[in-house]
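# Reading the structure
So you can see what is in the structure, the chains are spelled out below.
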Amino acid sequence: MIERRIYLDYAATTPVDARVVEAMRPYWDEHFGNPSSVHAFGQAAEAALEGARERLAARLGCAPAEILFTSGGTESDNLAIRGVALAAQARRCARHVLTTPVEHPAVLNACAYLRRHHGFEVEHLHVDGFGVVDPETVAAALRPDTALVSVICGNNEIGTINPVADIAAVCRSRGVPLHTDAVQAAAWLSVSPADLGADLISIGAHKFYGPKGVGALYCRAEVDLIPVQPGGEQEGGRRAGTQNVPLIVGLARAFEIADDERHERSEHARALRDRVIDGVLSAVDGARLTGHPAHRLPNHASFVLPGVEANRLLAALDLAGFACSSGSACKTGDPSPSSVLLALGLTPDEALGSLRVTVGRSTEPSDIEAFLDTLPRLVATQRRLTVPAA
Ligand SMILES: *Cc1c(COP(=O)(O)O)cnc(C)c1O
């Protein structure tokens, strides 16, 4: 009998903060107007929308006009990558895109789309065994026809934090815009343009206790970006479609709270995460940490456990009341090894045994102890069931 389900998958998504629910409440039915309408109903919605934009801009230290609201992290990544690459192709015949093999599928597939449908050459920068991109590697790979560089900030699968500011300095000196997917990082680090140095920064609300289905893209004023979705003139003509006012208000509120509580949240998470890492490495034979041991998101622990098949272990953990992941939520049910883990140099067999444990605001030390009490037994059962390869 499961007494309480324990959620250890905060990198996949987070519950919406009650203060965020409260902030969104008036904008479903009371102030329901279309922000593009001229009348008072529209004006009230527009005031809420522009207020949210100003509050987010104030936290990021940028101009309100540099913020574009989107339907989430995936769309922010797509708008940045396709919008900038296609603008550079039209303006200066650029046809080269630099990215990494450890990106979220939103970035990997936006780049693949440019290759397949727009004739771009997509080059994947070398990463080290921790998934870190060296700024020198970026410097050596930049070309006159490079449209854009895209490097993930905080890795969703392995937790590694990249030296985005150093990479940005390299790109800036060569006049090539840098995009960073900060969707996972925004809950934990300052993702302001001043701190990251990037020209384009993607965030998504549901990774920091905001609602799903809303994100934002910071786009530096000087960067040329064409809309990838034709339609109306919303968002300065760069992202068509009536804005989702309640969700946007929720994103801005969730970001403010995350910014205010960043320090406490990180301290709380870090202690629990370190206990997970120590506990798993000492209790599970052959377990290895994936991603960087120090430069990693404070709530993120990820491993490979030899002789274990991730999907089976996740199912057994779920039966025992623990919600974990093997990497990206998008990979659940897919038995092929993660390309991110292969890029770190792991073998396909090793990569199949991945486990990701991500803690959050409501995680308690007793949750972690319960998890560490259960995991070794489940791993041992899995290993007995798995016939060793000949
Ligand atoms: C969750 C996530 C995304 C996708 O964001 P959605 O809002 O779910 O579309 C993109 N990149 C990273 C690093 C993520 O963690």
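Residues numbered from 1 in each chain as written. Predicted model: local features only at pLDDT ≥ 70, side-chain atom pairs only at ≥ 80, totals over all residues. Heavy atoms only, no water.

## Some points on the sheet that holds strand β3 (residues 96–99)
Let me state the cut-off plainly: DSSP calls a pair of strands paired once it identifies at least 2 bridges connecting them. Helix and strand definitions follow DSSP, with helices as H or I runs of at least four residues and strands as E runs of at least two, each counted in order from the N terminus. Comment: axis = line fitted to C-alpha atoms, over the contacting stretch for helices; angle = value between 0 and 180 degrees taken between N-to-C directions. For this analysis, residues touch if any pair of their heavy atoms sits within 4.5 Å.
Ordered by their spatial adjacency, seven strands build an open sheet running β2-β8-β7-β6-β5-β3-β4, and the pairing between neighbours is mixed. Only two strands of the sheet have a single partner each, and these edge strands are β2 (67–70) and β4 (121–124). Between one strand and the next, the sheet's axes are offset by a mean angle of 20°, whatever the strand orientation. With four bridges connecting them, β3 and β4 associate as parallel partners. Within the sheet, the bridge partner assigned to Leu 98 lies in β4 and is Glu 123. Contacting β2, β3, β5 (146–150), β6 (178–181), β7 (200–204) and β8 (215–219), helix α4 (residues 73–92) crosses the sheet at an angle of about 160° to β5.

## Quick notes on the nonpolar core
So the rule is basically this: Residue types Ala, Val, Leu, Ile, Met, Phe, Trp, Tyr and Cys, when buried and joined through side-chain atoms within 4.5 Å, form a set referred to as a nonpolar core. In this scheme, a residue with accessible area under 20% of its type's maximum is buried, one over 50% is exposed, and one in between is partly exposed, where area comes from a 1.4 Å probe on protein chains only. What marks off one domain from the next here is an automatic or database domain assignment.
If you look at the biggest cluster of nonpolar residues, it comprises 88 residues, and the most contacted ones within it are Val 191, Phe 208, Val 280, Leu 305, Leu 317, Leu 355 and Phe 371. Examining the composition of this core, we find that eight residues originate from one element, helix α10 (residues 245–260), more than from any other. Both domains that furnish three or more residues to this core are identified here as domain 1 (6–14 + 262–385) and domain 2 (18–260). Listed in part, the 23 residues of the second largest apolar core include Leu 86, Val 107, Ala 147 and Leu 217.

## A closer look at the pattern of salt bridges
Keep this limit in mind: The salt bridge criterion pairs a side-chain nitrogen of Lys or Arg with a carboxyl oxygen of Asp or Glu, the two atoms within 4 Å.
Under the counting rule described, the total for this entry stands at 26 salt bridges. Close ionic contact of Glu 121 with Arg 95 constitutes a salt bridge, the shortest N to O distance being 3.4 Å. You can see Glu 121 sitting in strand β4 and its partner Arg 95 sitting in the loop between α4 and β3, a full 26 residues away along the chain. We classify Arg 95 as partly exposed; its relative accessible area is 37%. Glu 261 is paired through a salt bridge with Arg 265; the nearest N and O atoms lie 3.1 Å apart. What you see here is one network of salt bridges that share partners, running through Asp 17, Arg 19, Glu 261, Arg 265 and Arg 361.

## What about the sheet that holds strand β12 (residues 354–358)?
Strand order in the open sheet formed by three strands is β9-β10-β12, and the pairing between neighbours is antiparallel. Each edge of the sheet is formed by a strand with only one pairing partner; in this case those strands are β9 (288–289) and β12. As paired strands, β9 and strand β10 (residues 300–304) are joined by two bridges and run antiparallel to one another. From the neighbouring strand, Arg 288 faces β10, where its bridge partner is Val 304. Here helix α11 (residues 262–283) sits on the sheet and contacts β9, β10 and β12; the angle it forms with β10, its principal contact strand, is near 15°.

## Some remarks on the site of the ligand
Inclusion rule: It suffices for a single heavy atom of a residue to lie within 4 Å of a molecule or strand for the residue to be listed as near it. Whenever a nitrogen or oxygen atom comes within 3.5 Å of another N or O atom, the pair is scored as a polar contact, on the condition that within protein one atom can donate a hydrogen and the other can accept it, and that pairs from neighbouring residues in sequence are kept only if both atoms are in side chains. Think of it as three bins: nonpolar holds Ala, Val, Leu, Ile, Met, Phe, Trp, Tyr, Cys and Pro, charged holds Asp, Glu, Lys and Arg, and polar takes everything else, Gly as well.
Near the ligand the following residues occur: Gly 72, Gly 73, Thr 74, Asp 77, His 104, Ile 152, Asn 156, Asp 181, Val 183, Gln 184, His 206 and Lys 207. With respect to the ligand, the backbone of Gly 73 contributes an N or O atom lying 2.8 Å from an oxygen atom. In the environment of the ligand, an oxygen atom lies 2.6 Å from a nitrogen or oxygen atom belonging to the side chain of Thr 74. Per element, the largest residue contribution to the shell around the ligand is three residues, and it comes from α4. Grouping the amino acids of the shell around the ligand by side-chain chemistry returns two nonpolar, seven polar and three charged.

## Observations regarding the pairing of β2
Neither face of β2 is exposed, since Ile 67 and Phe 69 on one face and Leu 68 and Thr 70 on the opposite face are all buried. As paired elements, β2 and β8 share four bridges and run antiparallel to each other. Residue pairing across strands places Ile 67 opposite Tyr 218, the latter belonging to β8.

## Thoughts on the side chain of Arg 239
Here Arg 239 lies in the loop between α9 (234–237) and α10. Of note is the side chain of Arg 239, whose polar atom sits 2.7 Å from the side chain of Glu 75. Those residues in contact with Arg 239 that sit more than four places away from it in its chain are Phe 69, Thr 70, Ser 71, Glu 75, Leu 79, Gln 229 and Gln 234.

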